[in-house]
Amino acid sequence: MEMMFQRIMFILVLWPSSTLQVSDNSSLTYVAGIVEYSPVVTSPNEENLGELNAKNYLKILATAITYNVDIIVFPESSLSISTAKNETVRRSQGASYIPDPADKISPCDDKSESYEYSLKAISCAAKEYQIYVLINHREKVNCTFGQGCPTDGFLIYNTNVAFDRKGKVIARYRKYNLFGEYEKNISEAIPTTFDTDFGVTFGTFICFDILFQKPTLNLTHDLKVTDILYSTHWFSEMPYLYAIEAQAAWAYANDVNFLASSYNYPKTASGGAGIYIGKQGHVAVISENKRSNILVVAEVPKVINGKRTQNVNRDSVQIYEFSNEEISTSENANDQEWRYITDDLSVYSTELIDIKQRNYNKTICDRGFCCNFKVEIAFDETSTKNNSNYYHYRFAVFNGTRTFNGVATGGIKTCGIIACINDTLNSCGHLFDIKTITPIAFTTLEISSFNKTNENIFFMPITLYMPITSQKLVPLNVTDFTFISTNPGQYSTYHMALTKPVNNLQTFAIYGRDFSKDGTEITPNNSNILTISPVLLLAIIVVNYSFF
């Protein structure tokens, strides 16, 4: 392994690093890279998967540096992979000790055998290319059996590791909200940040964390961090938690620069990455239905004294898709089938939208939570003949607790319009697997609701549609909708509206995470209960008067 490591280092040394341009404190922007990566998960020759994936990471880094990237983010769980069948072995296989950032250690320069090749190789690349790198790695920590320590003598964490331009570890975040991951341990919810030489402080968290208050909102609300590095191995769920719609919504609601990299495996609906500039919207999103290895690079405007230094430069975006010859993990045609998870919509209060009615102005409630919808529809009935496939739509309102795939429960308050493939509720949150026509355009779509100001709820604008030109799901551009919240006193109001007609809409919703209900029992299936107290009814009237 030592000879292999020296060979890779020789390749790195050949790179003309003296020609690189880097951002500094005076720059109004920095250059960021994010990665959609399909990892090596099997090896017929029993090679170390961490080494194989690290080699691919080095190829990506070598490409990124040609774009003068200052900082790059790699996905969750795609580097130090374990395939052992024995659970005890699998826990620690591929895991590495990771230095405490306070010790200012560069694994590249460490002569001991404390660190895995996969960690050392990336440290050396960060040093040689003079680039900030964030990876996700399995971390092992020694412990004493009998004090909450497993029998193998290790605590194993799902950890993000940041390296500076000298290859030193400058941040280490251990994932707090595990999505199952029963072989890993949970640390404290510690908000993690690090500073850079170009004047930007970054926070970082991992995948499932995005749906919870700790430590994510500690970063943005408490520490006022404006730039976030996000690594994920997501399982997209329709209609509200498709990967890129959740990323775009969280970035918008927090108005942060959000750099998201994703593990790519379409067969389990894993994928979806992007660069998001808060309320200026997404610069680029990756939403593939095939095995892919993609690098996205863009200029990101700095946030100084609460304001972005300039508008987004979408002309700066560079997208590089690696060929099978460069990175072979995208070549397996048997893994191209796209799947996705669907939320349990039977607990929602829903109503089918009669597209021939064309106009709606109505209030729908679920368990005391009420939403008002104003809708105008353009419907080309002539194009729907000959048993054509086209999306139907429902109003959907929910106030309760859901399960996240059985690993946790969380409170949800949402008002939305969702697409269905026919008139039944069971068909909602599904996609046609063949091309559809788009006879329906929402020319007006406004949603409003309100909530007690002192309740612990985080609201986001969830949007998803499929442009006819690309046939790939993407969030709406921020020029296509508005999302406004006001806090006049006892009640906060929320209003979301289209600013232009939209075809092929999949989801348009005000989506709230009610943290006060986290860990409570799942709401039973007794939807379509409309309970409105006099106070709530008065507030609905006020909201409708204010917005409509």
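All figures in this text were calculated on a predicted structure; none of them were measured in a lab.

**Q** So, the overall build of the protein chain: which residues are in play, and what are the values?
**A** From N to C terminus, the protein chain includes seven helices and 28 strands. Computed over C-alpha atoms, the radius of gyration of the protein chain comes to 24 Å, within 12% of the 24 Å expected from 2.2 N^0.38 for 548 residues, which places it in the range of a compact globule. In terms of its C-alpha atoms, the protein chain occupies a principal-axis envelope of roughly 70 × 55 × 50 Å. Looking at the 548 residues of the protein chain, the share that counts as buried comes to 58%. Expressed as a percentage of contacts within the protein chain between residues at least 6 apart in sequence, the contacts between residues at least 24 apart total 73%. In the structure as shown, the protein chain presents an accessible area of about 22,700 Å², 49% of it carried by carbon and sulfur atoms. Each charge class in the protein chain can be summarised by its mean position, and for the 45 positive and 55 negative side chains these summaries are 2 Å apart.

**Q** So what about the state of the cysteines? Which residues, and what values?
**A** The tally for this structure, following the rule as stated, stands at five disulfides. Between Cys108 and Cys124 runs a disulfide, and the two sulfur atoms are separated by 2.1 Å. Classification of the bridge connecting Cys108 and Cys124 rests on its S-S torsion, roughly 100°, and on that basis the disulfide is right-handed. Of this pair, Cys108 sits in the loop between helix H3 (87-92) and helix H4 (117-129) while Cys124 sits in helix H4, placing them 16 residues apart in sequence. Cys108 sits in the buried class, given a relative accessible area of 13%. Overall, Cys124 belongs to the buried group, its relative accessible area being 2%. One disulfide in the model links Cys371 with Cys415; its S-S distance is 2.0 Å. Of note, the bridge from Cys371 to Cys415 carries an S-S torsion of about -65° and is left-handed in sense. Note that Cys371 is positioned in strand S20 (residues 369-379) and Cys415 in strand S22 (residues 409-420), a separation of 44 residues in sequence. Per residue, the accessibility class of Cys371 equals that of Cys415, and both read buried.

**Q** Can you explain the pattern of salt bridges? Please cite residues and give values.
**A** Evaluation of the coordinates by the stated rule reveals 24 salt bridges. The partner of Glu181 in a salt bridge is Lys184, with the nearest N and O atoms 3.7 Å apart. For the pair formed by Glu181 and Lys184, the shared burial category is buried. Residues Glu183 and Lys184 are paired through a salt bridge, measuring 3.2 Å at the closest nitrogen-oxygen approach. Sharing partners across several salt bridges, the network here consists of Glu76, Arg138, Lys175, Glu181, Glu183 and Lys184.

**Q** Could you give an account of the packing of aromatic side chains, with specific residues and numbers?
**A** By the definition in use, this model includes 31 aromatic pairs. Taking 6.1 Å as the distance between ring centres and 40° as the angle between the ring planes, the aromatic pair formed by Phe205 and Phe258 counts as tilted. Residue Phe205 is located in strand S7 (residues 201-206), and its partner Phe258 is located in strand S10 (residues 257-263); the two are separated by 53 residues in the primary sequence. Centroid distance Phe212 to Phe404: 6.2 Å. Interplanar angle 65°. Geometry classified as edge-to-face.

**Q** Give me the lowdown on unusual backbone geometry, citing residues and values where you can.
**A** In this model, Lys214 is joined to Pro215 through a cis peptide bond whose omega is -5°. Mapped onto the secondary structure, Pro215 falls in the loop between S7 and helix H5 (216-222). Although it is not a glycine, Arg358 adopts a positive phi angle of roughly 75°. Among the structural elements, Arg358 can be located in the loop between strand S18 (349-352) and strand S19 (359-366). A relative accessible area of 30% means that Arg358 is categorised as partly exposed.

**Q** Tell me about the nonpolar core, and name the residues and values.
**A** Grouped together as the largest cluster of nonpolar side chains are 88 residues, with contacts concentrated most on Tyr240, Trp250, Phe258, Phe373 and Phe442. Setting aside anything within four residues of it in sequence, one finds Phe258 in contact with Phe205, Ile210, Ile228, Tyr230, Gln247, Trp250, Ala251, Gly274, Ile275 and Tyr276. If you look at the next biggest cluster of nonpolar residues, it comprises 37 residues, including Ile72, Leu119, Ile135 and Ile327.

**Q** So what's going on with the side chain of Ser106? Residues and values would help.
**A** Take Ser106: it is sitting in the loop between H3 and H4. A polar contact of 3.3 Å, which involves the side chain of Ser106, links it to the side chain of Ser123. In this view, Ser106 contacts Ser123, Lys166, Gly167 and Lys168; residues no more than four positions away in its chain are not counted.

**Q** How would you sum up the sheet that holds S18? Please name residues and give values.
**A** With respect to topology, five strands assemble into an open sheet ordered S18-S21-S22-S28-S24, the strand pairing being antiparallel. With one partner strand each, in any of the chains shown, S18 and strand S24 (457-465) form the two edges of the open sheet. Between one strand axis and the next, the sheet turns by 10° as a mean value, whatever way the strands run. For strand S21 (residues 392-403) and S22, the ladder comprises 12 bridges, and the chain directions are antiparallel. Within S22, the residue paired with Thr401 across the bridge is Gly411. Against the sheet, helix H6 (residues 243-254) contacts S24 and strand S28 (505-514), and its axis sits at roughly 135° relative to S24.

**Q** Report on the pairing of strand S11 (residues 273-277), specifying residues and quantitative values.
**A** Of all five residues making up S11, five are buried, and the element is well covered by its neighbours. Taking every second residue as pointing to the same face, both faces of S11 are buried, with Ala273, Ile275 and Ile277 on one and Gly274 and Tyr276 on the other. Direction of pairing for S10 relative to S11: antiparallel, over a ladder of four bridges. Looking across to S11, one finds that Asn257 is bridged to Ile277. Bridge count for S11 against strand S12 (residues 282-286) is four bridges, and the pairing is antiparallel. Of the residues in S12, the one forming a bridge with Tyr276 is His282.

Reading the values: rules and limits
Residues numbered from 1 in each chain as written. Predicted model: local features only at pLDDT ≥ 70, side-chain atom pairs only at ≥ 80, totals over all residues. Heavy atoms only, no water. Helix = DSSP H or I, 4+ residues; strand = E, 2+ residues; numbered from the N terminus. Rg over C-alpha atoms; globule rule 2.2 N^0.38 Å. Buried < 20%, exposed > 50% of the residue type's maximum accessible area, 1.4 Å probe, protein only. Contact = heavy atoms within 4.5 Å. Areas by Shrake-Rupley, 256 points an atom, 1.4 Å probe, with all protein chains shown as cover. Lys, Arg positive; Asp, Glu negative; His and termini not counted. Charge placed at Lys NZ, Arg CZ, Asp CG, Glu CD. Disulfide = S-S within 2.5 Å. Salt bridge = Lys/Arg side-chain N within 4 Å of Asp/Glu carboxyl O. Phe/Tyr/Trp six-rings, centres within 6.5 Å; stacked < 30°, edge-to-face > 60°. Core = buried A, V, L, I, M, F, W, Y, C linked by side-chain atoms within 4.5 Å. Polar contact = N/O pair within 3.5 Å; in protein donor to acceptor, adjacent residues only side chain to side chain. Pairing = 2+ DSSP bridges. Axes fitted to C-alpha atoms, helices over the stretch in contact; angles between N-to-C directions.

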